[in-house]
Amino acid sequence: MRALARPYEDVVVAAPVTVPYTRHSIHSAHWFLAQALAKLIQAAGIRKSDIDGLAVSSFTIAPDTAVGFTQHVGLSPRFLEHVPMGGASAIVQLRRAARAVEAGDAHIVACIAGDANHVDSFRLNTASFSRFARDAVYPYGSGGPNGSFALLTAHYMRAYGASREDFGKLCVAQRQNARANPLALFRSELTLEDYLNARLIADPIRLFDCVMPCAGADGFLVMRRATAKKLDLPHVRLLGAIERHNAYPGDAIQFRGGWALDQDALYDQTGLAPKDIDFLQAYDDYPVITLMQIEDLGFCGKGEGPEFVRRHSFTVDGSFPLNTSGGQLSMGQAGAAGGHLGLVEAIRQLTGMPLGAQVEKARLGLVSGFGMINYDRGLCSGAAILAAQGRGKRRKKG
Amino acid sequence: MNALPPQPPRAPSSRLKRRNPLVALKPPLVPPFARSRAAQGLTAAAALGVFALQRCEKCGAAQYPPRDACVQCLSPRLRWRPAEGTGELLSETLIRHGQELYFRERAPWRVGLVRLDCGPSAIVALHGDCAPAPSRLRLRLALDKSGQALMIALPEKDTPDMAEDPLVRETTCAPRARKVLVTDAKTKVGRAMVEALVAAGADLVWAGYAAPWKPSPHLEALGALEGVSLVPLDVTDESSVRELAGSIGGKVDILVNTAEYHRPGSIASRGGVATARTEMEVNYFGLLRLSQSFMAALKARAADGPASATAWVNILSVHALSNDPAHGTFSASKAAAFSLAQALRADLQASGIRVINVFPGSIDDEWNARVAPPKLSPAALAKAVVEALERGLEDVYPGEVAKDVMARFLENPKALERELAG
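Residues numbered from 1 in each chain as written. Chains lettered and ligands numbered in written order. Predicted model: local features only at pLDDT ≥ 70, side-chain atom pairs only at ≥ 80, totals over all residues. Heavy atoms only, no water.

A.B. asks: Would you mind going over the overall build of chain B in detail, with residue names and values included?
C.D. replies: Looking only at helices and strands, one finds 11 helices and 15 strands in chain B. For a compact globule of 422 residues, the expected C-alpha radius of gyration is about 22 Å, and chain B comes in at 22 Å, within 12% of that figure. The principal-axis extents of the C-alpha atoms in chain B amount to approximately 65 × 60 × 30 Å. The burial tally for chain B puts 54% of its 422 residues in the buried class. Of all intrachain contacts in chain B linking residues separated by at least 6 positions in sequence, the fraction that spans at least 24 positions is 68%. Put simply, chain B shows about 18200 Å² of open surface, and 56% of that area lies on carbon and sulfur atoms. Looking at charge distribution, chain B has the averaged site of its 51 positive side-chain charges lying 3 Å from that of its 44 negative ones. (Helix = DSSP H or I, 4+ residues; strand = E, 2+ residues; numbered from the N terminus. Rg over C-alpha atoms; globule rule 2.2 N^0.38 Å. Buried < 20%, exposed > 50% of the residue type's maximum accessible area, 1.4 Å probe, protein only. Contact = heavy atoms within 4.5 Å. Areas by Shrake-Rupley, 256 points an atom, 1.4 Å probe, with all protein chains shown as cover. Lys, Arg positive; Asp, Glu negative; His and termini not counted. Charge placed at Lys NZ, Arg CZ, Asp CG, Glu CD.)

A.B. asks: Describe in detail the interface of chain A and chain B, supporting the description with residues and values.
C.D. replies: Listed as interface residues are 31 residues of chain A and, on the opposing side, 39 residues of chain B. Buried surface at the junction of chain A and chain B, summed over both partners, amounts to about 3100 Å²; 56% is from carbon and sulfur atoms. For the pair chain A and chain B, the interface holds 2 salt bridges. For Arg-96 of chain B, the salt bridge is made with Asp-203 of chain A, and the minimal N-O distance between the two is 2.5 Å. (Buried area = accessible area lost by both parts, 1.4 Å probe. Salt bridge = Lys/Arg side-chain N within 4 Å of Asp/Glu carboxyl O.)

A.B. asks: Which residues make up the nonpolar core, and what values go with them?
C.D. replies: Residues Phe-299 and Leu-366 of chain A together with Met-151 of chain B are the most contacted members of the largest nonpolar core, which totals 101 residues. Not counting the four nearest positions on each side in its chain, Phe-299 of chain A is found in contact with Tyr-267, Pro-274, Ile-277, Leu-280, Ile-294, Phe-308, Phe-320 and Leu-366 of chain A. Among the nonpolar cores identified, the runner-up in size contains 41 residues, and Leu-244, Met-295, Val-318 and Ala-337 of chain B belong to it. (Core = buried A, V, L, I, M, F, W, Y, C linked by side-chain atoms within 4.5 Å.)

A.B. asks: Before we move on, could you go through helix H10 (residues 399–411) of chain B and cite the residues and values that matter?
C.D. replies: Residue and element names in this part refer to chain B. Across its 13 residues, H10 extends 19 Å between first and last C-alpha, which sits within 8% of the 18 Å expected from 1.5 Å per residue. Among all positions in H10, only Ala-402, Val-405 and Met-406 are buried. All buried residues of H10 fall inside an arc of 100° around its axis, so they share one side. Turned more than 90 degrees from where H10 packs its buried face, Glu-400 and Glu-411 sit exposed. Buried residues along H10 sit in contact with helix H11 (413–421). (Expected span 1.5 Å × (residues − 1). Arc of directions from axis to C-beta.)

A.B. asks: A description of unusual backbone geometry should follow, citing residues and the corresponding values.
C.D. replies: What is expected of a backbone is that most residues other than glycine have negative phi and most peptide bonds are trans. Cis rather than trans, the peptide bond between Asp-203 of chain A and Pro-204 of chain A has omega equal to 0°. Positionally, Pro-204 of chain A belongs in the loop between strand S5 (200–202) and strand S6 (205–206). Residue Pro-65 of chain B is bonded to the preceding Tyr-64 of chain B through a cis peptide linkage, with omega at -5°. Mapped onto the elements of the fold, Pro-65 of chain B is located in the loop between strand S2 (62–63) and strand S3 (78–82).

A.B. asks: How would you explain the pairing of strand S6 (residues 121–126) of chain B if you had to name every residue and give the values?
C.D. replies: All names here are of chain B. Among the 6 residues that make up S6, 6 are buried, leaving the element largely enclosed by the rest of the structure. As paired strands, strand S5 (residues 109–116) and S6 are joined by 5 bridges and run antiparallel to one another. Residue Val-114 lies in a different strand from S6, and its bridge partner there is Ala-122. Two successive antiparallel strands, S5 and S6, enclose a turn made up of 4 residues, where Gly-119 displays a positive phi of approximately 135°. Note that S6 and strand S8 (residues 149–155) share 2 bridges and pair parallel. Note that in S8 the partner of Ala-125 across the bridge is Ile-152. (Pairing = 2+ DSSP bridges.)

A.B. asks: Just give me the short version of the packing of helix H10 (residues 258–270) of chain A against helix H11 (residues 287–296) of chain A, but keep the residues and values in it.
C.D. replies: Packed helices, taken two at a time, are described by their axes: the angle between them and the distance between them. Residues and elements named next belong to chain A. Interaxial distance between H10 and H11 falls to 8 Å at its minimum, and their mutual angle equals 30°. It follows that H10 is roughly parallel to H11 by the angle criterion. Crossing of H10 against H11: the hand is right-handed. On the side of H10, the interface is formed by Trp-259, Ala-260 and Gln-263, while H11 contributes Ile-289, Gln-293, Glu-295 and Asp-296. (Axes fitted to C-alpha atoms, helices over the stretch in contact; angles between N-to-C directions. Parallel < 35°, antiparallel > 145°, perpendicular 65-115°, else oblique. Left-handed = near helix turned anticlockwise from the far one by under 90°.)

A.B. asks: Could you give an account of the pairing of strand S1 (residues 52–56) of chain B, with specific residues and numbers?
C.D. replies: Residue and element names in this part refer to chain B. Among the 5 residues in S1, 4 count as buried, and that is most of the element. Two strands pair when backbone bridges link them, and S1 and S3 are joined in this way by 5 bridges, in the antiparallel orientation. Note on S3: the bridge partner recorded for Cys-56 is Leu-78. Hairpin connection from S1 to S2: 5 residues lie between these consecutive antiparallel strands, with Gly-60 at a positive phi of about 85°.

A.B. asks: Which residues make up the domain arrangement of chain B, and what values do they have?
C.D. replies: For interface size, the figure often reported is the accessible area lost on association. All names here are of chain B. Along its sequence, chain B is carved into domain 1 (40–171) and domain 2 (179–421). On a C-alpha basis, the centroid separation for the pair domain 1 and domain 2 is 31 Å. The largest per-residue losses of area from domain 1 upon contact with domain 2 belong to Ala-47, Leu-48 and Lys-145, which jointly make up 45% of the total buried on that side. In this structure, the connection of domain 1 to domain 2 is made through 0 salt bridges. The interface formed by domain 1 and domain 2 includes 8 residue pairs in polar contact (both at pLDDT 80 or more). Where the side of domain 1 that touches domain 2 is concerned, the elements lending two or more residues are helix H1 (40–48) and helix H3 (166–171). Residue contributions to the side of domain 1 that touches domain 2 peak at 3 residues, all from H1. Classifying every residue of the side of domain 1 that touches domain 2 gives 4 nonpolar, 3 polar and 4 charged. (Domains from an automatic or database assignment. Polar contact = N/O pair within 3.5 Å; in protein donor to acceptor, adjacent residues only side chain to side chain. Nonpolar A, V, L, I, M, F, W, Y, C, P; charged D, E, K, R; others polar.)

Written as structure tokens, this is what we have:
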């Protein structure tokens, strides 16, 4: 019997900030994270000392962790989390922070993620990513995530009949969404022909299937609703959230993520159903994983992703708005901030302050995270449902 | 020093093209070397040419990638056991853009995800003849150019010319189309080695000979073979070694050190150290002189096309591991040579040249006339060396006696010491 997680009591998320992404930068992770913190303080109109909780995610902060970072920026939090969970970090930070403010362990939690990207950062990160990667992936062609996702993509295509055009449709729609976003690294038009004819990276993956690693940071604040009201901060309510690590270890190859295991818990906790959701911010370092999230979060059945893609437009102004800021595929992947990108965009959409175009009447948004290709699959998954303040519906379970 | 004898006509041109001399020599790059300690178990298996995985001694679960605790029951009792090397290919990709220089130069690189029949999934390097997914495969552990284990997948059944696949060439040291120096061809082992290498398709075998005043009935016959060239080489004479290296060092792809001095006898059976000193001069210092003169050129040519410099073979003795008192000083000299060979291996590792150590038991030659059978015939030893090169092994225990001593050594080295004393 599954124990239902306690609902969240008036936990809200506010002050979405982005330290603009750049392809390469000589600045360190500390620099980007500190700028994210400064932007949070400025956006909320608070003092640095008002932040009594901190959650940090970064691949390139070594040899420091969140601990060393507190001294670097002169912060004295009474709640501190270092969340090394890649693209699932945003959801995990949010879950930890939400329970902390509910319990009174912290008043205002700053959730930040960011990474440096020096010219050789990516290769060095890949080489030492995990023990299993070092022992059993890196010596096999040093493909990094490109190689791993190529294997998952090839298998998904064979198993479920997805075509290159299906993946291309997602990438093209996201680029369309990015065109209005001044912070996106890629804003020029991308056609399906461009996508299909791009340079092969690791078959069947071509150039526009891959995120561009970059430097940057994102952040948001978690607090009780009363705190946000007192600060007069636009905010959104957290209705429910799930996380799962190393789901389905018996699957010989990854064709689903932890969402499939936990989607009932998410919808039970919120009293919502997939049809209630107004937009999805999916983790999109490669389009195959977006398809898995659409399936595993219940928008369609397993293997029905390709058919679902053919039915929707995924643009901000179309059906099933997806990755409305352009997603990582168009904005870039600032390391561990990759999962924060979708979360800050969801807050922006639900508070009517998007970077690009606004999803009309957006009231309920689903944000999903995915992280850490430790060996042959991504291990961390998470998702959260956020509601626009005063407009989120919440059904009583009967 | 003797002048080089006239060169015999070149061996027929092989199918493998050597590098165009006008094209710059590629630097000897190797793939990533770093591994966890547990993963070195794969390397140990690959060195012997065995397919092995960790198995939990408590619940029996096969593990991959290598772990420090059982993925099922958390027991730390994980033992390396021979495993069934078969599985099904679930997915594959062609990596066209590696991050490491080694892979960039060799792109595209075929990689697959395989479900092993014994349980776990593995990312493997795919032989070019493997059928697309879903398909059945045979798995092998091979040593890559860095000297570390790589799980490679071969097609379910042998295909024509499968040894010519770049993955196979990259993980093995086949003598075919390569030039080989056998340091002493005058011994029975040396002669068998030259003949075996010629039969294995070597492009050219330089057959070294010392002490030209000492008659050797088979040497002339060897020299008359197509693809064999006699070269004077005395490993106890530094200038002789240097002179030969200066003449052919830049062309040697494989060096097989057969030079050996062996006189049976216990410590008490003879006075003085003259014999022991000669054993050390040939068996230990000989290897050191060869190393100093031939290493640099081998390293430089480690990525010289499909017929690059590739391997160094040492004929040691299984009694390098544990002394046979009836051949006490000989065993000691081989132990010294083994230790030096480890240093040589470490030096050559970064360039991708493989050091193959061969640990025979008693060889059926004149110096083991009083040793009871079974003894290893020189032809069998030579065959084992060629097979080790073709399979890309690193440690070779040819014949029943060597395997028996090795097994006893691994199980209980102290017991073996007592057994050999008896």
